[in-house]
Amino acid sequence: MLLSGTAASIKNMEIRGAGRIARAAVEALADYAENLDVSDPETFKQEMQKAADILTATRPTAVSLPNAVRSVMRALDSFDSVGAARDAVLARAAEFVDHSEHAVERIAAIGARHISDGDVLLTHCNSEAALGCILEAHRQGKEFEVYATEVRPRGQGLITIRTLNDAGIRTNYIVDSAVRYFINDVDLVVVGADAIAVNGAVVNKIGTAQIAHAAHEARTNVIVAAETYKFAPRTILGELIEIEERDPDEVLPREAAEELPFVRVRNPAFDVTPAEYIDLIVTEQGAIPPGLAFTVIRDYLGWRIEELR
Ligand code: RUB
């Protein structure tokens, strides 16, 4: 079944990256609704909620996932038959996927404006929104080169360098710890986001905060490419974004770790970059300074403080 398959693929990172996770979850929800064989609307809603909970529990950090699931589940707020509810879920899911794909294109167009001929860029991890900006600037004929990090422990940098190479973009592949060594050669850091808090802090792949810190010290600009559904509404209430800590085995094989009883291997998958290290957040609605994160949550995600209590 698509639901359990998608949930497992998100968990084991076959499907990864905050935007792709959100679209896959929404497609799995739509498929579940299409095949849910119940006649009572209330049961339909309850079963859909269980499916939504399974999907949102897969990875805790990317807020695109609960935001996307919520936007589809809102279709169930008012309905009088299973047929109408099912149609509403399918329509919302298709709308979300379409919106998400267009958002990435729009971000690419806006983000590309911030990349100039002769620039040296640096990107970290593998973000379709960040890469979209870089690929669009290249498509426009701008000449630049890119530094791409390895991204320990899962090596998402390999996906990034393949994409850049396939596009014919000159790329330097470096270990994560070499960023500060090269940062003075870099004009612009372009990364994606898994979540953005109301105070403009950005949660992205582990290592992003160190990179942004080094960039800040070197007076190198940092832009974050992120769809509006990556802003985290509940941070308005002071709720923190949960940082996923993955299996230590990804960092050090279990057999090696077992020989070191005094060593605890830690594997946080994301970190938090403070707003002061970020110059601009490029969303599909336009580029904003991180200080305007609240307006995105209010105006584009439609959350109200009353609703969050
Ligand atoms: C991926 C990651 C990406 C963001 C944004 O982490 O940190 O930078 O998710 O990606 P992981 P996108 O590999 O652990 O999922 O722009 O594609 O949504």
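Residues numbered from 1 in each chain as written. Predicted model: local features only at pLDDT ≥ 70, side-chain atom pairs only at ≥ 80, totals over all residues. Heavy atoms only, no water.

1. Notes on the nonpolar core
Counting 61 residues, the largest nonpolar core has Leu29, Met48, Val189, Phe231 and Ile281 as its most contacted members. For this core, the two domains that each supply at least three residues are domain 1 (2–104) and domain 2 (113–308). Once you skip the residues sitting within four places of it in the chain, Val189 turns out to touch Leu122, Ile183, Ile211, Ala215, Thr220, Asn221, Val222 and Ile223. Core analysis: the next-biggest nonpolar cluster, separate from the first, contains 23 residues, Leu121, Leu131, Ile169 and Val282 among them. (Core = buried A, V, L, I, M, F, W, Y, C linked by side-chain atoms within 4.5 Å. Buried < 20%, exposed > 50% of the residue type's maximum accessible area, 1.4 Å probe, protein only. Domains from an automatic or database assignment. Contact = heavy atoms within 4.5 Å.)

2. A word on the site of the ligand
Within the structure, the ligand sits among 18 residues, and Arg16, Gly19, Asn204, Lys205 and Lys230 are positioned closest to it. Take Arg59: an N or O atom from its side chain is 2.9 Å from an oxygen atom of the ligand. Between the ligand and the protein, one listed contact pairs an oxygen atom with a backbone N or O atom of Ala129 at 3.2 Å. When the ligand is considered free in solution it has 460 Å² of accessible area, and contact with the protein chains removes 100% of it. Assessed atom by atom at 2 Å from the grid points, the ligand resides in the largest cavity. Those elements that place two or more of their residues in the shell around the ligand are helix H2 (18–35), helix H6 (128–139) and strand E6 (202–205). Taken together, the residues of the shell around the ligand sort by class into 6 nonpolar, 6 polar and 6 charged. There are two domains that each give the shell around the ligand at least three residues, and those are domain 1 (2–104) and domain 2 (113–308). (Near = heavy atom within 4 Å. Polar contact = N/O pair within 3.5 Å; in protein donor to acceptor, adjacent residues only side chain to side chain. Areas by Shrake-Rupley, 256 points an atom, 1.4 Å probe, with all protein chains shown as cover. 1 Å grid on protein atoms, 1.4 Å probe; cavity = no way out; pocket = protein on both sides within 12 Å on 5 of 7 lines; lining within 4 Å. Sits in = over half its atoms within 2 Å of the grid points. Helix = DSSP H or I, 4+ residues; strand = E, 2+ residues; numbered from the N terminus. Nonpolar A, V, L, I, M, F, W, Y, C, P; charged D, E, K, R; others polar.)

3. Quick notes on the domain arrangement of the protein
Domain annotation for the protein reports domain 1 (2–104) and domain 2 (113–308). Between the C-alpha centres of domain 1 and domain 2 the distance comes to 26 Å. Taken together, the contact between domain 1 and domain 2 spans 23 residues of the former and 30 residues of the latter. Interface area, domain 1 with domain 2, both sides summed: about 2100 Å², of which 51% is carbon and sulfur. Where domain 1 packs against domain 2, one counts 3 salt bridges. Of the charged contacts, one joins Arg23 and Glu128 as a salt bridge, the two residues approaching to 2.9 Å between their closest N and O atoms. The interface formed by domain 1 and domain 2 includes 12 residue pairs in polar contact (both at pLDDT 80 or more). For the side of domain 1 that touches domain 2, the secondary structure elements donating two or more residues are H2, helix H4 (64–73) and helix H5 (82–112). Looking at the side of domain 1 that touches domain 2 residue by residue, the class counts come to 9 nonpolar, 7 polar and 7 charged. (Buried area = accessible area lost by both parts, 1.4 Å probe. Salt bridge = Lys/Arg side-chain N within 4 Å of Asp/Glu carboxyl O.)

4. What about the environment of Pro66?
On the secondary structure map, Pro66 appears in helix H4. Relative accessible area serves as the criterion here: at 34%, Pro66 is assigned to the partly exposed category. Distance in space between the C-alpha atoms of Pro66 and Glu284 is 19 Å, their sequence separation being 218 residues.

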